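# An overview of the molecular structure
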Amino acid sequence: DASDMTIHTLYGITDENGTLTEPDLQSRDIAATQEYNGLTYRVFERTAPLPAGKKGWFLDWDNPTAGERMVVRPQMPGGAVVTSTMVPPTALSCDAGGTGYINAIQAFTGTAMPEPFFDKTGEGSFNDDDTITVTLPDGTTVKVGAGSVSTGGGSPTEGVFVGNRFFYGMTDGKRGSLQTNAPGGNPRRVMWREILQD
């Protein structure tokens, strides 16, 4: 529904077979956005534990555009929730369109990953160049790693990890991939066993 600008929300819940209401959860925010090389990068709140007594967290998809929504299944490499979100096109059309983001959030706290998740500068490493400066409520600033990036094209499909690279398609028929700093490093075989039969 391209005309629906309802704010959609991602929830992370500590499941203890009890009834929870919104005050039981910690509100999290998209802390800042930055344009870089034609793409929009976003950061979530800096890494922090859940406050005492909170049973989870929630994050509104409302920055920079209301109506952003999740339409594919999230994935969880290590401690990160990685999901694609789409922003529907503003013009009514039968053609596929819109834009979207690839997002990585710390699963258990709803905050930014401890290290930059995306290689913003594209130089093949993850460092301060892949961060965005965020101004805190007290006026101080802190560098937070990029945890969300626009596709630069159509809305992203559900992606797939191959090693630490994330591949995805888009509604405009193009494909994209991102180098990630996914927790746990590249998968590899840790042992093997040969079975012989007589």
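Residues numbered from 1 in each chain as written. Predicted model: local features only at pLDDT ≥ 70, side-chain atom pairs only at ≥ 80, totals over all residues. Heavy atoms only, no water.

What follows deals with the confidence of the model for the chain. In the predicted model, the chain carries a mean pLDDT of 86, and 89% of its residues have values of at least 70. Looking over the chain, one finds the lowest element-wise mean pLDDT in strand β6 (residues 69–70), namely 90, and the highest in strand β2 (residues 26–28), namely 96. (pLDDT = per-residue confidence, 0-100. Helix = DSSP H or I, 4+ residues; strand = E, 2+ residues; numbered from the N terminus.)

Judged by pairing direction, the sheet is mixed, and its 3 strands sit side by side in the order β1-β5-β2 without closing on themselves. Both outer strands of the open sheet, β1 (8–13) and β2, are each paired with one neighbouring strand and no more. Going from strand to strand, the sheet's axes swing by 25° on average, the running direction of each strand aside. Pairing geometry for β1 and strand β5 (residues 56–61), over 6 bridges, is antiparallel. Bridge pairing links His8 to Trp61 in β5. (Pairing = 2+ DSSP bridges. Axes fitted to C-alpha atoms, helices over the stretch in contact; angles between N-to-C directions.)

This brings us to the pattern of salt bridges. The final tally for this structure, using the stated rule, is 5 salt bridges. Residue Glu68 is joined to Arg42 by a salt bridge in which the shortest nitrogen-to-oxygen separation is 2.8 Å. Here the residue Glu68 occupies a position in the loop between β5 and β6, and Arg42 occupies one in strand β4 (residues 39–44), the gap between them amounting to 26 residues. A salt bridge links Asp128 to Lys143; the shortest N-O distance between them is 3.9 Å. (Salt bridge = Lys/Arg side-chain N within 4 Å of Asp/Glu carboxyl O.)

It is worth spelling out unusual backbone geometry at this point. The phi angle of most residues is negative, glycine excepted, and most peptide bonds adopt the trans form. The residue after Asn63, namely Pro64, is reached through a cis peptide bond having omega 15°. Inspection of the secondary structure puts Pro64 in the loop between β5 and β6. With phi around 60°, Asn17 is a residue other than glycine that occupies positive phi space. One can find Asn17 in the loop between β1 and β2. In this structure, Asn37 is a non-glycine residue whose phi angle is positive, near 50°.

With that out of the way, let us pick up the packing of aromatic side chains. Counted according to the given criterion, the structure contains 5 aromatic pairs. When the centroid spacing of 6.0 Å and the interplanar angle of 35° are considered together, the rings of Tyr11 and Phe58 count as tilted. Separated by 47 residues along the polypeptide, Tyr11 in strand β1 and Phe58 in strand β5 bring together distant segments of the chain. For Phe58, a relative accessible area of 9% translates into the label buried. (Phe/Tyr/Trp six-rings, centres within 6.5 Å; stacked < 30°, edge-to-face > 60°. Buried < 20%, exposed > 50% of the residue type's maximum accessible area, 1.4 Å probe, protein only.)

In this section: the sheet that holds β4. Taken together, the 6 strands give an open sheet; going across it, the order is β3-β4-β11-β8-β7-β6, and neighbouring strands pair in antiparallel fashion. Pairing within the sheet leaves two strands with one partner each, and these edge strands are β3 (30–36) and β6. As judged from the 2 bridges shared by β6 and strand β7 (residues 80–87), these two strands associate in the antiparallel manner. Paired with Arg69 across the strands is Met86, a residue of β7.

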